[in-house]
Amino acid sequence: MWRLNKVRHKAGRPGDNLEEFRLKRRLHEKVLRQARRDRQLVSKRLLLSEDEEQQQVSMDTNLEQQDVVALVHQLQHSGLEKEASLKTLSTALRDPSAQLSFVKQENSMHLLVGLLTSSNAQCRLQSVRCLHGLSNSPHPSVAPACLPATPYLLTYLCGQSPKFTELCLYTLGNLCPDSDVVKDKLLAQGIVPALANCIENQRHNLGVVEAVGFTLSQLLQTKDAALKIIPMVLASSLPAHLLSVLTPDLNFSLGAAIECAWCLHYLACSCVDNAALLSRGALEHCSSLLVSLGDAVAEGNKEEGLELLVCPLLRCVGNLLTCSVDDPSARVTDAGLVVSLCSLLQAYVNTRPSLARESAWVLNNLTAYSTTFCSALLTLHLIPGLIQLLPFSQGINTMILRVLGNVAHQNKEFCVQLAQLGLLSALSVTLKMAEPEMVILSLDVLFMLVASSPEVAAEFVRHSGVSLLDTVQYNSEGELRRRAAYLLEHHLLSNTSHCTANTSP
């Protein structure tokens, strides 16, 4: 009785069965979320001014000739030449050895902070560029050395110049993941409310919004973010501002939307308080944007970077779906999401299989507890497209089998429809695969199909199902053998004699 205790149709003690199914899925999804957290990466950004971008090659060839010690000495004693010296220093501080030399110079950071707070706007700008260069350093000792400047960088987030604000934001974003000391100091100095105020005041400046998203995402990926940072972020106005950036109008700002979507993903996968995100409409908002993106991809939109927005949205929706099961008011109701997920799956299965797998994962979470969305897959004729993807590997086929299992689990009528759409023939192929998980899932789905109707069982027998399961039984061990034997004994061998009797002359 290997399967009757795990998957039942509605006629057979559905309450106990549903709880067991939910527990199994939640454990599986916990593993997925942990894997995503383990693979999180922080990165640094280096901003260049327009003239620097044009002269990058010639400037880089001269970096090794700069003497940092001499530049610091010039800044201490020069008058009108300070701006030029600072500009030269900001270029030199992109070199890792120059960064170390600078922080080792006595009073060098004190000098830089003094210039950062001076009344000369150009000196302030070049001083921030120097700090920005230092923030890109690979050396762990450089970030803590920049701490005297961070209160001023946070204060300048309220400034009037968008470019200057962006530079401060990216500098802070580069510094915060390098050291727990830096991160804790920034939290104590109020970086979370500073970011909230900045994005609120500059919400119409997309470059600043993107920079806020980058800095916040760096914070959310730091160690112990779930304990110290995420509760502060959720209690602020930041989630509402992040969601407001995610607009279906793809011409709004792809860069800002990408950064904000990653922030929402980090908040959702932490599971600190997903109820707060659901109450703000995060699931509905992200799902709506996914529908728009799926439609755009289906229409042939191949805009560069679009997949960078699709990825965090998929992860955010997938994780929030697992939390919306017990909250009917937070559930997704737009059947267009099913269509969009299938469109994304088809579009990325060859070019970006990881995104195709993510799309199938979200589709699995969407259909796990919903008769409505399972029915939509059938009524919108999406099942044949999913069946065609079963030969694809890299975890895509296993997720699709889970989705088909969700549909079969709803009721017997859905099982009959799945059989009529060719799933029995597809299972005859997947049962021969070498991957044990595919064989186990195929047996799970097959059980639901043949148990739903004697006609379906007889159809599988006509597909040489008995000999196929005999092969599985005798070439496998343990659980696979027991499952194949149970199917043969309780559902298929009785149909063999029936088919023989009907076909005898």
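## Considering the overall build of the protein
Logical step 1: Within the protein one finds 32 helices and zero strands.
Logical step 2: Within the protein, the proportion of its 505 residues that are buried is 53%.
Logical step 3: Put simply, 74% of the contacts in the protein that link residues at least 6 apart link residues at least 24 apart.
Logical step 4: Entry remark: accessible area of the protein is about 22200 Å², with carbon and sulfur atoms responsible for 52%.

## A few points about the environment of Gly281
Logical step 1: Position of Gly281 among the secondary structure elements: in the loop between helix H19 (274-279) and helix H20 (282-298).
Logical step 2: Expressed as a C-alpha distance, the spacing of Gly281 and Arg331, which sit 50 residues apart in the sequence, is 9.8 Å.

## Thoughts on the packing of helix H29 (residues 436-452) against helix H30 (residues 454-462)
Logical step 1: Across the interface, H29 lies against H30 with an axial gap of 5 Å and an inter-helix angle of 120°. In terms of orientation, H29 lies oblique with respect to H30. Between H29 and H30, the residues in contact are Leu446, Leu449, Val450 and Ser452 and Val456, Ala457 and Phe460, respectively.
Logical step 2: Across the contact of H29 with H30, the residue classes break down as six nonpolar, one polar and no charged.

## Some thoughts on H29
Logical step 1: The end-to-end C-alpha separation of H29 is 25 Å, in line with the 24 Å expected for 17 residues at 1.5 Å each.
Logical step 2: Most of H29 sits inside the fold, with 13 of its 17 residues counted as buried.

## A short note on the side chain of Lys183
Logical step 1: Within the fold, Lys183 resides in helix H12 (residues 180-188).
Logical step 2: Those residues within four positions of Lys183 in sequence are excluded, and the remaining contacts are Cys176, Leu219, Thr222, Lys223 and Ile229.

## Regarding the packing of aromatic side chains
Logical step 1: Scanning the model with the defined rule gives four aromatic pairs in all.
Logical step 2: With 5.3 Å between their ring centres and 70° between their planes, Tyr156 and Phe164 make a pair best called edge-to-face.
Logical step 3: On the basis of relative accessibility, which here comes to 12%, the residue Phe164 falls in the buried class.

## Some points on unusual backbone geometry
For residues other than glycine, phi is negative in most cases, and the peptide bonds are mostly trans.
Logical step 1: Even without glycine at this site, Cys271 takes up a positive phi of about 60°.
Logical step 2: Backbone geometry places Gln394, a non-glycine residue, at a positive phi of 60°.
Logical step 3: As for its placement among the helices and strands, Gln394 is situated in the loop between helix H25 (383-388) and helix H26 (396-410).

## Section: the pattern of salt bridges
Logical step 1: Within the structure shown, the criterion is met by 11 salt bridges.
Logical step 2: Linking Asp178 and Lys44 is a salt bridge whose minimum nitrogen-to-oxygen distance equals 2.5 Å. Of this pair, Asp178 sits in the loop between helix H11 (162-175) and H12 while Lys44 sits in the loop between helix H1 (14-38) and helix H2 (50-54), placing them 134 residues apart in sequence.
Logical step 3: Judged by relative accessible area, which is 30%, Asp178 ranks as partly exposed.

## Points about the side chain of Gln473
Logical step 1: Tracing the backbone shows Gln473 in helix H31 (residues 465-475).
Logical step 2: Contact partners of Gln473, with chain neighbours within four places excluded, come to Arg481, Ala484, Ala485 and Leu488.

## Looking at the state of the cysteines
Logical step 1: Counted according to the given criterion, the structure contains zero disulfides.
Logical step 2: Unpaired in terms of disulfides, Cys263 finds its nearest cysteine sulfur in Cys260, a separation of 6.0 Å.

## A few points about the packing of helix H21 (residues 306-323) against helix H23 (residues 353-367)
Logical step 1: At a minimum axis separation of 9 Å, H21 and H23 run at an interaxial angle of 25°. With respect to H23, the axis of H21 lies roughly parallel. At the point where H21 passes H23, the crossing takes the left-handed sense. Facing Glu307, Val310, Cys311, Leu314, Arg315, Val317, Gly318, Asn319, Leu321 and Thr322 of H21, the residues of H23 in contact are Leu355, Glu358, Ser359, Trp361, Val362, Asn365 and Leu366.

## Observations concerning the confidence of the model for the protein
Logical step 1: Overall, the prediction assigns the protein a mean pLDDT of 84, with 83% of residues at 70 or greater.
Logical step 2: Confidence over residues 32-40 falls short of pLDDT 50; this stretch has 14 contacts with residues more than four positions distant or in other chains.
Logical step 3: Low pLDDT, under 50, characterises residues 56-66; the stretch is placed with 10 contacts to residues that sit more than four places away or in other chains.

## What to know about the nonpolar core
Logical step 1: Leu377, Leu423, Leu449 and Leu469 are the most contacted members of the largest nonpolar core, which totals 165 residues.
Logical step 2: Looking at this core, the element that brings in the most residues is helix H18 (residues 254-270), giving 12 residues.
Logical step 3: Ignoring anything within four residues of it in the chain, the contact list for Leu469 reads Leu431, Leu443, Leu446, Phe460, Ala484, Leu487, Leu488 and Leu492.

About the cut-offs
- Residues numbered from 1 in each chain as written.
- Predicted model: local features only at pLDDT ≥ 70, side-chain atom pairs only at ≥ 80, totals over all residues.
- Heavy atoms only, no water.
- Helix = DSSP H or I, 4+ residues; strand = E, 2+ residues; numbered from the N terminus.
- Buried < 20%, exposed > 50% of the residue type's maximum accessible area, 1.4 Å probe, protein only.
- Contact = heavy atoms within 4.5 Å.
- Areas by Shrake-Rupley, 256 points an atom, 1.4 Å probe, with all protein chains shown as cover.
- Axes fitted to C-alpha atoms, helices over the stretch in contact; angles between N-to-C directions.
- Parallel < 35°, antiparallel > 145°, perpendicular 65-115°, else oblique.
- Nonpolar A, V, L, I, M, F, W, Y, C, P; charged D, E, K, R; others polar.
- Expected span 1.5 Å × (residues − 1).
- Phe/Tyr/Trp six-rings, centres within 6.5 Å; stacked < 30°, edge-to-face > 60°.
- Salt bridge = Lys/Arg side-chain N within 4 Å of Asp/Glu carboxyl O.
- Disulfide = S-S within 2.5 Å.
- Left-handed = near helix turned anticlockwise from the far one by under 90°.
- pLDDT = per-residue confidence, 0-100.
- Core = buried A, V, L, I, M, F, W, Y, C linked by side-chain atoms within 4.5 Å.

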